[in-house]
Each structure stands twice: as structure tokens, then as C-alpha cells.
Amino acid sequence: MRADIPPLAEVRRITEKKRDAWWTVMLVDPVATPLVRWTAMHTRVTPNQLTWGAFLVGLGSAACFAQGDWRWLLLGALLYHVSFIFDCMDGKLARLTGAGSVFGAWLDFVFDRIRVLVCAVALMAGQYERTGEVHYIWLALAVAALDALRYINSLETFKIRHGMREQIKARMEAAREAHNEAELAFMEDLLRDNPQADVEHDRAVAAGAARGTTVEVTTAEVTTAEVTTARAPAEATAPEAPDGPVVVDLQRSFRRRFPWWTRCRSFLQRHRVRAHLVSGIEFQMGVFIIGPALDSVVAGTVVSAALLLVFELAIIYKLLLSTRDFTRTLNSFGTTA
């Protein structure tokens, strides 16, 4: 037994993500985290072995789905959840023991995609064999396509946002060299790191006024410490004074149109829940756990697909508004240089 494994509370701090899917936070972490601590203390299981275990249990789930009968569907749903618990445990074990690897991350991603595809084919094939209804074939294709869409959209959105940030940073560096301007910060980072921001806003403004500090805040709020050391220009543009970092808000247009969203997101983040409430994880659980467990495969798939599309379209719309804020921000450097 390893004596260097910390208590459970510390294991939670080390292994659980700061923000995660609500399904993971509520239904997986309470089981997976204690299991990871026990595994690290009493076994020599590696993260890659857990990845393989998750994959094999997922194949067992697909075998159950292929039988078509509700009792097999229920067992398949249970096995799929167990598979997902193992899938979460591999990353936690890697963070706890420092045994993670780049190849392990690749293996985890590839096995996840194969598991979804195999389970989708098996589930819908079993229902087609059971009922003879052709629409199950189309549902299998839809599940595979939507799973691919989710991860392609996530990757491309990340690349575009990263590119916009890098361009702004480069332009800011040039402005600093020419005019000795202030440092740069992004509003998204401030809000992400401070889920209490919405309830701290009034306190921050009052504290800044008491010290005679000019506090300018956009529709999104930051905490007291940040507001007094950073300012967000009205149009998230180039800096005007060197007294603190400039806050560039590439989500300003979105916040203006949906002012309630910042508080909603902050509430969720305080409970470790990602604001993207129906992502790839929730989609899978709706299709492979909720639908089969209720013997309502069509309803579970259609509802999960509709919710996934709504949230993906929201991300695309948010990205569109962000690119407009990005263009205005870049143009502002030219007007203030």
C-alpha cells in the first residue's frame, strides 16, 4: 500500500477539474474520485490500463445494446455508465500519480470516439432487428455525425479563439514597445477564474470609489482585487494609461445581448459545472443511458440531439459575435496609436 497518497479531500482538489460537465460532477466524480484514491493506494494499475478497461466495458455495453430487448438495454446502459466512470478515472489517476502521457491522451480520445460509434451502431441495429423500422439506421448515422460535429466544432472554436488572442497580444506588444503601454488581460480569463464575480461587483465598485480609484467595468463583472488593478475600456480597445492591465473582452457583444448569461454562468461555475450544459458527454448519456434505460431509444436520441444542436449553435453564434469584437479591438489599436 502506498503511503504517499493524500486524504480524499486533497485527492479531490488534485484530480477533479475546476469545471466539468454536470453529469460528471453529479454522477461520476462522487464515485470515481474515491475509487481513484483506492486504486492508487492498493494497486499498480496505470492510467492506460484504465483507458483500455473503459474501452472493453464500452464494447460490452454495445454487445448488450445489440440484443434489442429492454432488459439488455438496461444492462447496456449500466455498463456504459461504468465505462464512463473508468474513462474519467484514467485522467484522475494520471493527475494524482503523475503517470500521464501524451500517448495516453491520444489513446483516450480515440477509444472514446470508437466507443460512441460502435455503441451507436449496436444500439440502433438491435432496435432495427427488434422492430424492423428503418429510421433506426438514420438515427445511427445521426449519432455518429453529431458526435463528430461536437468535437470538430470544439477544436475549431478553440483554434480560432486562440488565434484571435495571439493576434491581440502581438498588437498589444507592439503598442507597448512604441508607447510604454499597460499589460493585457482577457475578461474571459478573469471571469473563469472568479465565479464569484457577479456577487462581488457592487463591493468592488464601492471599494474602488473609497480609494479614489477609477473603476470601469463592462457588462461582465470581475472581483474586487481585479477591478482595482485592471480596467476594461468601453470598447475593449487599446490602453489609455499605464496604471494596470487592459482588459480585452471578446465576449462583450454577447454579454450585451444576453446580460443574464454572466450571472447564470457564474452560478454554475461556483458548483464546478460548465456553462455548456449539453455537450458531447450529456449527448452520449442521453443516447446510451437515459434512452435505453427508459426503453425510449428514439425519444432519448432525438431530444439529446436537439439539445446538443441548440448549444452548438449558441457557441457558433457566440463565436460570430466574438469575431466582431475582435475586429473592433484590432482596429482600435490603429486609431489610438
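Above: the structure in question.
Treat the numbers as computed from the prediction; the structure is a model and nothing was measured.

A. The arrangement of the overall build of the protein in detail. When helices and strands are tallied, the protein shows 13 helices and two strands. Burial analysis of the protein (337 residues in total) assigns 47% to the buried set. For the protein, long-range pairs separated by at least 24 residues make up 75% of all intrachain contacts whose partners lie at least 6 apart in sequence.

B. Representation of the pattern of salt bridges in the model. Per the stated rule, a full pass over the model turns up 15 salt bridges. Close ionic contact of Arg-12 with Glu-16 constitutes a salt bridge, the shortest N to O distance being 3.2 Å. Of the residues examined, Arg-12 reaches a relative accessible area of 30% and is grouped as partly exposed. Its salt-bridge partner being Asp-87, residue Arg-115 comes within 3.4 Å of it at the nearest N-O pair. With Arg-115 in helix α5 (residues 102–131) and Asp-87 in helix α4 (residues 70–97), this residue pair connects regions lying 28 residues apart in the sequence. In this structure Arg-115 comes out as buried when scored by relative accessible area, which is 3%. Exposure remark for Asp-87: the relative accessible area of 8% places this residue in the buried category.

C. Region of the structure containing the nonpolar core. Judged by nonpolar contacts, the single largest core of 42 residues is most densely connected at Leu-123, Met-124, Val-143 and Phe-288. For this core, the secondary structure elements donating two or more residues are α2 (22–42), α3 (47–65), α4, α5, α6 (135–179), α12 (280–293) and α13 (297–336). It is α4 that provides the largest number of residues to this core, a total of nine residues. When sequence neighbours within four positions are dropped, the list of residues in contact with Val-143 reads Val-116, Ala-120, Met-124, Phe-283, Val-287, Phe-288 and Thr-301. Counting twelve residues, the second largest nonpolar core, distinct from the first, contains Met-172, Val-246, Phe-326 and Leu-330.

D. Molecular detail of the packing of helix α1 (residues 8–15) against α4. Contact geometry for α1 and α4: axes closest at 9 Å, N-to-C directions at 105 degrees. On the basis of their axis angle, the class for α1 and α4 is roughly perpendicular. Packed against α1, whose contacting residues are Val-11, Ile-14 and Thr-15, the element α4 presents Lys-92, Arg-95 and Leu-96 at the interface. Among the residues making up the contact of α1 with α4, the classes are represented as three nonpolar, one polar and two charged.

Rules used throughout
Residues numbered from 1 in each chain as written. Predicted model: local features only at pLDDT ≥ 70, side-chain atom pairs only at ≥ 80, totals over all residues. Heavy atoms only, no water. Helix = DSSP H or I, 4+ residues; strand = E, 2+ residues; numbered from the N terminus. Buried < 20%, exposed > 50% of the residue type's maximum accessible area, 1.4 Å probe, protein only. Contact = heavy atoms within 4.5 Å. Salt bridge = Lys/Arg side-chain N within 4 Å of Asp/Glu carboxyl O. Core = buried A, V, L, I, M, F, W, Y, C linked by side-chain atoms within 4.5 Å. Axes fitted to C-alpha atoms, helices over the stretch in contact; angles between N-to-C directions. Parallel < 35°, antiparallel > 145°, perpendicular 65-115°, else oblique. Nonpolar A, V, L, I, M, F, W, Y, C, P; charged D, E, K, R; others polar.

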